[in-house]
Amino acid sequence: MTLNQQRMREAYPQTPDVVRIRMEQTLAGIRREAAKQPPRRYARRLSFAVTMALVTVLAVGAVAAGAHFGVFDFMKKMFGASGVLPEAEELVQQNLGSLKLEHTTLNVDEAVYDGGTLHVVYSITQNDADAPLTEQDAEDSQSAFQLAVAADAVHMECDSFWVNGTEYCMTNCSTVDTMIGENDGELLCYLDIQLASAGIVPDGDFTVKLPVAGGNGDYQTLDFTVQASGSDWQPVVLYSDNATVTLTSAFVSPVRIYATLRLEMNADASAQEADETFEDWAEAELVDAQGNRLAGMTELMPENLVDGESVDYSYTFLPTEAEEVYLAPTFINEQGEWAVDMTRALPLQ
Amino acid sequence: MDEQAFSTVVQQQEDTLYRIAFTVLHNDADCADALQDALLRAWRRLDTLKDEQAFRSWMARIVINCSRDILRRRRLRTVELDETIAAPPANDQPLAEAIAALPEGLRLPITLHYMEGMSVKEVAQVMRLPQGTVKNRLFRGRARLAAFLQEEEMI
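Residues numbered from 1 in each chain as written. Chains lettered and ligands numbered in written order. Predicted model: local features only at pLDDT ≥ 70, side-chain atom pairs only at ≥ 80, totals over all residues. Heavy atoms only, no water.

1. As for the overall build of chain A
Inference 1: The number of helices and strands found in chain A is eight helices and 20 strands.
Inference 2: For chain A, the proportion of its 349 residues judged to be buried stands at 55%.
Inference 3: Taking all contacts inside chain A whose residues are at least 6 apart in sequence as the whole, residues at least 24 apart take part in 58%.
Inference 4: Looking at chain A as shown, the accessible area adds up to about 15,500 Å², and 46% of this sits on carbon and sulfur atoms. (Helix = DSSP H or I, 4+ residues; strand = E, 2+ residues; numbered from the N terminus. Buried < 20%, exposed > 50% of the residue type's maximum accessible area, 1.4 Å probe, protein only. Contact = heavy atoms within 4.5 Å. Areas by Shrake-Rupley, 256 points an atom, 1.4 Å probe, with all protein chains shown as cover.)

Given below as structure tokens:
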């Protein structure tokens, strides 16, 4: 017996109808919208109806009115537990900015900047609403709320944003969850932007512009300033036999712990050595000085990968109360077990 | 590529896209959400696809991203990267269970290469990993599958 395509496919279920139907509905929506709009418009940004199809997915389950739902409440809703330490509350900033449009008003209710990621809860409120939204209001494209949102060309997709006047393009920074708010005509939206992984390290307080309405390059932005302490991080460089490892940034906060690493193989390193080195660091652990595991990794993003030569890894870990925190690569030891290599460990604080 | 061509290409790759999403999510309802999200995101960003010949790997990357977004949203993924997942009902149940027992880092390259017929280079592009790492992961994945199935002839 061999591992061939036919046998592999026997190990997977057939595409179920629920998936086929959803895909066809989505494609039909795209075709409908494309037929209505001039090409340039939908090439740049989704129309309201298609966007709201996505929002409808996000809004599933957001039926109960949320009282003062904040960043950590959204994290808890999405992940089961926010995973932050109690002192994370000190990072919460409220009512940072608003944008009043003809039919709706957007407000930055809460923001948390933890040195690596900017978490934002903002509200979209129908100006003339006289009652809290219902689930139907949030999902029905003909509801007064959705018509108001459409009239103002409000959208929840952000594939770009500005920090201190510089525009950055980044996918995956759109609204990731929504919740019906307690106020009349109010929908709460949560998004997070992983600034550190994009190399954005503000030096002190910084201004953010989110293009939340408009299109075709003519956006209306939700502007706000976030308080941040400047980072005094100095890169830590580790030279080994076959590579240079530079800890380019590290942020230890009660919300999350972030580290960004650059791996550069020496010119005479073999492809196998490069693979093993990359692999060791891709499986890195957050440990104490004795090599004991402290907290789990929640995300690893490889960037700027040059085959066999270099890579940037951006790590995100859950927070820990430990005073000494190290990032250490792992390897398979002589017993065939995964082990932490403290000889190459890098201090994060 | 206009909306009709986009629909046609997506429909041709429907099963492939589902299997990729399923490799990450192992849940049909989540796969439906992830694929809807991926189609919308792909359509919006179609102008960034310079080479239409690369559509399959480009689309695969988007499906993986959207599937991982779903995991983030719904907490199906714990902080443990190597969490085990339940095997789906399948014609080859032992292999299904062996694949399900693999960590995602090995499951994805195995799926993309052996099931979808992507080359090592293409898998490397989709997963943003060096080709050598992909080869290593394929080797390790096959070794684990063989160990699980106790069928040494597989490798």
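There's more to say after this.
2. Digging into the overall build of chain B
Inference 1: Each helix and strand in chain B was counted, giving eight helices and zero strands.
Inference 2: The N-to-C order of helical and strand elements in chain B reads α-α-α-α-α-α-α-α.
Inference 3: Sorting the 155 residues of chain B into buried and exposed places 59% on the buried side.
Inference 4: Across chain B, every contact between residues at least 6 apart in sequence was considered, and the portion connecting residues at least 24 apart equals 61%.

3. Digging into a negative patch on the surface
Inference 1: Among the surface-exposed residues, D241(A), D268(A), E273(A) and E276(A) lie close enough to one another that they form a single negatively charged patch.
Inference 2: Among the structural elements, E276(A) can be located in helix α8 (residues 271–282). (Patch = residues over 30% accessible without salt bridge, like charges linked within 9 Å, V, L, I, M, F, W, Y side chains within 5 Å. Salt bridge = Lys/Arg side-chain N within 4 Å of Asp/Glu carboxyl O. Lys, Arg positive; Asp, Glu negative; His and termini not counted. Charge placed at Lys NZ, Arg CZ, Asp CG, Glu CD.)

4. Quick notes on α8(A)
Inference 1: For α8(A), which comprises 12 residues, the first-to-last C-alpha distance of 16 Å matches the rise-based estimate of 16 Å (1.5 Å per residue) to within 8%.
Inference 2: Among the residues making up α8(A), those that are buried are A274(A), D275(A), T277(A), F278(A), E279(A), D280(A), W281(A) and A282(A). (Expected span 1.5 Å × (residues − 1).)

5. Overview of the pattern of salt bridges
Inference 1: Applying the stated criterion across every chain yields a total of 12 salt bridges over all chains.
Inference 2: The salt bridge involving R22(A) is made with D33(B); its shortest N-O contact spans 2.8 Å. Here the residue R22(A) occupies a position in helix α2 (residues 17–36), and D33(B) occupies one in helix α3 (residues 28–44), the pair thus bridging two chains.
Inference 3: Look at R22(A) and you get partly exposed, because its relative accessible area is 22%.
Inference 4: The closest approach of N and O atoms between E122(B) and R56(B), which form a salt bridge, is 2.8 Å. With E122(B) in helix α7 (residues 120–127) and R56(B) in helix α4 (residues 55–74), this pair connects stretches of sequence that are 66 residues apart.
Inference 5: We classify E122(B) as buried; its relative accessible area is 17%.
Inference 6: Taken together, the shared-partner salt bridges in this structure form one network comprising R20(A), E14(B) and D15(B).

6. Topic: the sheet that holds strand β17 (residues 326–328) of chain A
Inference 1: Strand order across the open sheet formed by four strands is β14-β13-β17-β20 (chain A), with antiparallel pairing between neighbours. Whereas interior strands pair on both sides, the edge strands pair on one side only; in this sheet they are β14 (293–295) and β20 (346–347) of chain A. (Pairing = 2+ DSSP bridges.)

7. Details of the environment of T316(A)
Residues and elements named next belong to chain A.
Inference 1: Following the sequence through the fold, T316 ends up in strand β16 (residues 310–317).
Inference 2: The class for T316 is buried, based on a relative accessible area of 11%.
Inference 3: Taking C-alpha positions, T316 is 5.8 Å from M297, a pair spaced 19 residues apart along the chain.
Inference 4: Those residues within four positions of T316 in sequence are excluded, and the remaining contacts are R256, I257, Y258, G296, M297, T298 and E299.

8. Focus on the confidence of the model for chain B
Inference 1: For chain B, the mean per-residue pLDDT works out to 77, and 80% of the residues sit at or above 70.
Inference 2: Per the prediction output, this complex has pTM 0.59; the corresponding ipTM is 0.82. (pLDDT = per-residue confidence, 0-100.)

9. Points about the sheet that holds strand β7 (residues 186–193) of chain A
All names here are of chain A.
Inference 1: What the five strands build is an open sheet, ordered β1-β2-β3-β7-β6; its pairing is antiparallel. Unpaired on one side and paired on the other, β1 (92–100) and β6 (177–180) mark the two borders of the sheet. Across the sheet, the mean angle separating the axes of adjacent strands is 20° when strand polarity is ignored.
Inference 2: Examined bridge by bridge, β6 and β7 share four bridges and lie antiparallel to one another. Paired with T178 across the two strands is C189, which belongs to β7.
Inference 3: Packing of helix α7 (residues 144–151) onto the sheet brings it into contact with β2 (104–113), β3 (118–126) and β7, and relative to β3 it is tilted by some 110°. (Axes fitted to C-alpha atoms, helices over the stretch in contact; angles between N-to-C directions.)

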